[in-house]
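Results of the structural survey
Here is how the chains run, residue by residue.
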There are 2 protein chains.
Amino acid sequence: MARILDVEPLTSESFAPFGDVIETAGAETLLINEGTTQRFHDLAAIDVGADGGHPITSIFRGQTRFTKTGDVIEIKMMERHPLGTQAFYPLQDHPYLVVVAPVASGVSPTDLRAFRANGNQGVNYKRDLWHHPLLVLADGHEFLVIDRGGLGDNSVEHCFSLDQGIARIDLTAGD
Amino acid sequence: MARILDVEPLTSESFAPFGDVIETAGAETLLINEGTTQRFHDLAAIDVGADGGHPITSIFRGQTRFTKTGDVIEIKMMERHPLGTQAFYPLQDHPYLVVVAPVASGVSPTDLRAFRANGNQGVNYKRDLWHHPLLVLADGHEFLVIDRGGLGDNSVEHCFSLDQGIARIDLTAGD
């Protein structure tokens, strides 16, 4: 038994319960540097200071996770970071997928929401938000990542039980 | 009178007095997410907490600043941010220029160093480092920027005096 997830377009409105969409569209815009630079200002609520944490900047390079048939992704687990937000911004202009579940819940396949992000949209997961690890649609897709460094246990994983089953994203289906 | 700046290739070694080069080359690498993601870990010493500051994430979209002849950039001023680092990572794979001067000095055209960054290299300016505002080589080049939000005066500009003169980057010259 697998729940098939609808894949929704990513918008700041639809994603608001889960975090920020990092994009120029709709942003506060300042003209700086003698008018030569547009600053799309303060696009993500970075929150990494808990328990002495600090921001760290990394690059993630992802590989696709399709099943052997090539067009299905199985969602078998989720993770969350209790001590800090985690922001991803794509470094190549490819779409990618984001799978999340509400902060406060336990998590099961029936809680999941899936979004398709464009290559000019980043996401910033709220602290403690259930999310699936990186789901790229092109091998080697890279992201600038801003998350929390410091002591403390900042990672919780939940693998779905046999009773819970799994979820599937079928990329041959229309949105 | 103008000093002509040599443009050096950007490397972590040559840039070390000024800050970090954010790039996968040479980085500590972790394999995460069941082996599907390479994490190039902790690439920039973000330092934005002074006086109650916090990290903010923005997108900068730059326009070129060539003189009318089209191949020269004039460096007439520099700026620094006393309260925090400022990191830039390019969102399209174009080269760009970085002009800096040592932290401790006053600043004049004779102090400047110019670097050519590739489109897969970001920079993180040390706190209080003299640097020139964004110098793109392609109109519309965008950067993810991580700098400091919060109260306090975090911007100092110095326009070169007539006695100091200016500096020039001549892109028709070889490196």
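Our structure's up above, just so we're on the same page.
Residues numbered from 1 in each chain as written. Chains lettered and ligands numbered in written order. Predicted model: local features only at pLDDT ≥ 70, side-chain atom pairs only at ≥ 80, totals over all residues. Heavy atoms only, no water.

Focus: the interface of chain A and chain B
At the interface, 36 residues of chain A touch 36 residues of chain B. Between chain A and chain B the total buried area reaches about 3300 Å² when both faces are included, carbon and sulfur atoms providing 56% of it. Broken down residue by residue, the surface that chain A buries against chain B is led by Thr57, Ile59 and Arg61 of chain A, which jointly contribute 18%. At the junction of chain A and chain B, the tally comes to four salt bridges. Taking the shortest distance from any N to any O, the salt bridge between Glu34 of chain B and Arg65 of chain A comes out at 2.6 Å. Summed over the shared surface of chain A and chain B, the result is 20 residue pairs in polar contact (both at pLDDT 80 or more). Put simply, the parts of the chain that give the side of chain A that touches chain B at least two residues each are strand S5 (37-40), strand S6 (54-62), strand S9 (86-90) and strand S15 (141-149) of chain A. Among the elements that line the side of chain A that touches chain B, the one with the most residues is S6 of chain A, at eight residues. Taken together, the residues of the side of chain A that touches chain B sort by class into 17 nonpolar, eleven polar and eight charged. Two elements, S5 of chain A and strand S6 (residues 54-62) of chain B, share four bridges in a ladder whose sense is antiparallel. (Contact = heavy atoms within 4.5 Å. Buried area = accessible area lost by both parts, 1.4 Å probe. Salt bridge = Lys/Arg side-chain N within 4 Å of Asp/Glu carboxyl O. Polar contact = N/O pair within 3.5 Å; in protein donor to acceptor, adjacent residues only side chain to side chain. Helix = DSSP H or I, 4+ residues; strand = E, 2+ residues; numbered from the N terminus. Nonpolar A, V, L, I, M, F, W, Y, C, P; charged D, E, K, R; others polar. Pairing = 2+ DSSP bridges.)

Considering empty space enclosed by the protein
Residues and elements named next belong to chain B. Within the structure shown, the criterion is met by two cavities of 30 Å³ or more. Its boundaries defined by the atoms lining it, the largest cavity holds a volume of some 80 Å³. Of all the elements in the fold, those that place two or more residues in the lining of the largest cavity are strand S9 (86-90), strand S10 (96-101) and strand S12 (122-125). Looking at which element gives the most residues to the lining of the largest cavity, the answer is S10, with four residues. Class assignment of the residues belonging to the lining of the largest cavity gives a composition of ten nonpolar, three polar and no charged. Estimated volume of the second largest cavity: approximately 60 Å³. (1 Å grid on protein atoms, 1.4 Å probe; cavity = no way out; pocket = protein on both sides within 12 Å on 5 of 7 lines; lining within 4 Å. Points joined across faces, edges and corners; volume = space filled by probe spheres on them.)

So, the sheet that holds strand S3 (residues 19-22) of chain A
Spatial strand order, S3(A)-S12(A)-S9(A)-S15(A)-S6(A)-S5(B)-S4(B): seven strands in an open sheet with antiparallel pairing. Lying at the two open borders of the sheet, with one neighbouring strand each, are S3 of chain A together with strand S4 (29-32) of chain B. Taking each pair of neighbouring strands and ignoring which way they run, the sheet shows an average axis angle of 25 degrees. For S9 of chain A and S15 of chain A, the ladder comprises four bridges, and the chain directions are antiparallel. (Axes fitted to C-alpha atoms, helices over the stretch in contact; angles between N-to-C directions.)

Considerations on the environment of Ala114 of chain A
All names here are of chain A. Assignment of secondary structure puts Ala114 in strand S11 (residues 113-117). Classification of Ala114 by relative accessible area gives buried; the value is 2%. Note: C-alpha distance between Ala114 and Gly152 (38 residues apart in sequence) is 29 Å. (Buried < 20%, exposed > 50% of the residue type's maximum accessible area, 1.4 Å probe, protein only.)

Here we look at the sheet that holds strand S1 (residues 2-4) of chain A
All names here are of chain A. Ordered by their spatial adjacency, three strands build an open sheet running S1-S17-S7, and the pairing between neighbours is mixed. Edge strands, defined here as strands with exactly one partner in the open sheet, are S1 and strand S7 (72-75). The average undirected angle you get between the axes of adjacent strands in this sheet is 30 degrees.

Side note on the relation of the copies chain A and chain B
With an RMSD of 0.0 Å, chain A superimposes on chain B once it is rotated by 180 degrees and translated 0.0 Å along the axis. A rotation of that kind, with that shift, is consistent with a two-fold axis. Scanning chain A for the C-alpha nearest the rotation axis identifies Leu91 of chain A, at a separation of 2.7 Å. (Least-squares fit on C-alpha atoms with pLDDT ≥ 70 in both.)

Points about the nonpolar core
Core analysis: the biggest nonpolar cluster contains 25 residues, and Ile22, Ile59 and Leu144 of chain A together with Ile22, Ile59 and Leu144 of chain B have the highest contact counts within it. Breaking this core down by element, the ones donating at least two residues are S9 and S15 of chain A together with S9 and strand S15 (141-149) of chain B. Setting aside residues up to four positions removed in sequence, Ile22 of chain B forms contacts with Ile59 and Leu144 of chain A together with Leu43, Ala44, Ala87, Phe88, Tyr89, Asn120, Gln121, Gly122, Val123 and Asn124 of chain B. (Core = buried A, V, L, I, M, F, W, Y, C linked by side-chain atoms within 4.5 Å.)

Note that every value here comes from positions in space, so none of it alone points to a role or purpose.
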